[in-house]
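Chain by chain, the residues:
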Amino acid sequence: MTTRRRALIVIDAQQEYFDGVLPIQYPARDESIARIQTAIDTAKQTGTSIVLVQHELPAEAPVFASGAVTWQNHPEVAAHENVAAKRISKQFSSIFADTDLEAWLREEGIDTITLVGYMTNNCVIASAAAAEPLGFAVEVLSDATGAIDLTNDAGTAPARQIHETLMTLLHSNWAAVTDTETWTTALRTGAPLPKSDLITSAAQGRSAR
């Protein structure tokens, strides 16, 4: 069994998703932030590196305005800022875009990143996809992230549909998707989490029709 060297990456667990204009709608944000808290506690107990990421835009921006109340981390996450191994400010969806995260992960010998935070339909999927060509294994905790309802000229999709669809998509190619409880067990044993692949997922999809 190959032991994974993990880092828990908390993406944008900021007040914008609770008190701002982008409130998380599925899973319930109070539940997902509790799971994020559990993941952080487990990481601390096991000596797993914690990375806190905050989206930061200019002060005049309508969301994530630098220094604004809604730019700040949720209190459950802010309480751990002093124990984070690394903190990152980003301006794009991917945690790797214009940041030094990749270099830091390699310096620390980390080969697996566990993603929690917000949103499923933006920064989580973008970060998981960006990790693929860099060679990092990715885990996503489905109950420790969340999505929002979307409507635009292309159509309408409720948060639950978006979240469940993207978790299935991620597990088919870019990430091992699991819940916080299962991840906690894997973290304590050092075991990799199972992941599907596109061919298998497609075959099972045809069989399910």
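What you are looking at is a predicted structure, and each value in this text was computed from that prediction instead of being measured.

S.K.: Talk me through the overall build of the protein; I want residue IDs and the actual numbers.
M.R.: Helix and strand content of the protein: seven helices and eight strands. Taken against the 2.2 N^0.38 rule, which gives 17 Å for 209 residues, the C-alpha radius of gyration of the protein at 17 Å falls within 12% of a compact globule. Seen along its three principal axes, the alpha-carbon backbone of the protein occupies a region of about 50 × 45 × 30 Å. Looking at the 209 residues of the protein, the share that counts as buried comes to 47%. Restricting the contact set of the protein to residue pairs at least 6 apart, pairs at least 24 apart contribute 76%.

S.K.: For the packing of aromatic side chains, give the residues involved together with the corresponding values.
M.R.: The full count for this structure, using the stated rule, is four aromatic pairs. Ring geometry for Tyr 17 and Tyr 118: centres 5.4 Å apart, planes at 55°, overall tilted. With Tyr 17 in the loop between β1 (6-11) and α1 (29-46) and Tyr 118 in strand β4 (residues 112-118), this residue pair connects regions lying 101 residues apart in the sequence. Taken individually, Tyr 17 and Tyr 118 each receive the classification buried, so the pair is uniform in this respect. Through pairs of rings, three or more aromatic residues link up here, namely Tyr 17, Phe 18, Phe 64 and Tyr 118.

S.K.: Could you give me a rundown of the pattern of salt bridges, with the residues and numbers involved?
M.R.: Opposite charge on two side chains allows them to pair when their charged atoms are near. A complete count under the given rule lists six salt bridges for this structure. Glu 139 is paired through a salt bridge with Arg 6; the nearest N and O atoms lie 2.8 Å apart. Pair noted here: Glu 139 is in strand β5 (residues 137-146) and Arg 6 is in strand β1, with a separation of 133 residues, a long-range link. This pair shows no difference in class: Glu 139 is buried, exactly as Arg 6 is. One salt bridge connects Asp 100 with Lys 86, and the closest N-O pair in it is separated by 3.1 Å.

S.K.: Give a detailed account of helix α6 (residues 180-189), specifying residues and quantitative values.
M.R.: Taken as a whole, α6 has its buried residues at Thr 180, Trp 183, Thr 184, Ala 186 and Leu 187. The arc that holds every buried residue of α6, seen down its axis, measures 165°, which confines them to one face. Turned more than 90 degrees away from the buried face of α6 sit Glu 181 and Arg 188, all of them exposed. On its buried face, α6 sits against β1, α1, β4, β5 and β8 (176-178). Looking one or two residues beyond α6, the residue adopting positive phi is Gly 190, at roughly 80°.

S.K.: Give me the lowdown on the layout of surface pockets, citing residues and values where you can.
M.R.: Its volume calculated, the largest pocket comes out at about 210 Å³. In terms of lining residues, the largest pocket is bounded by 14 residues, among which Ala 137, Val 138, Trp 174, Ala 176 and Lys 195 are the most central. No other element matches the three residues that β5 contributes to the lining of the largest pocket. When grouped by side-chain class, the residues that make up the lining of the largest pocket number eight nonpolar, two polar and four charged. Taken as a whole, the second largest pocket encloses approximately 160 Å³ of empty space. Taken together, Arg 4, Arg 5, Arg 6, Thr 46, Gly 47, Thr 48, Ser 49, Ile 110, Leu 187 and Gly 190 make up the lining of the second largest pocket. Looking at the lining of the second largest pocket, its residues break down into two nonpolar, five polar and three charged.

Procedures and definitions
- Residues numbered from 1 in each chain as written.
- Predicted model: local features only at pLDDT ≥ 70, side-chain atom pairs only at ≥ 80, totals over all residues.
- Heavy atoms only, no water.
- Helix = DSSP H or I, 4+ residues; strand = E, 2+ residues; numbered from the N terminus.
- Rg over C-alpha atoms; globule rule 2.2 N^0.38 Å.
- Buried < 20%, exposed > 50% of the residue type's maximum accessible area, 1.4 Å probe, protein only.
- Contact = heavy atoms within 4.5 Å.
- Phe/Tyr/Trp six-rings, centres within 6.5 Å; stacked < 30°, edge-to-face > 60°.
- Salt bridge = Lys/Arg side-chain N within 4 Å of Asp/Glu carboxyl O.
- Arc of directions from axis to C-beta.
- 1 Å grid on protein atoms, 1.4 Å probe; cavity = no way out; pocket = protein on both sides within 12 Å on 5 of 7 lines; lining within 4 Å.
- Points joined across faces, edges and corners; volume = space filled by probe spheres on them.
- Nonpolar A, V, L, I, M, F, W, Y, C, P; charged D, E, K, R; others polar.

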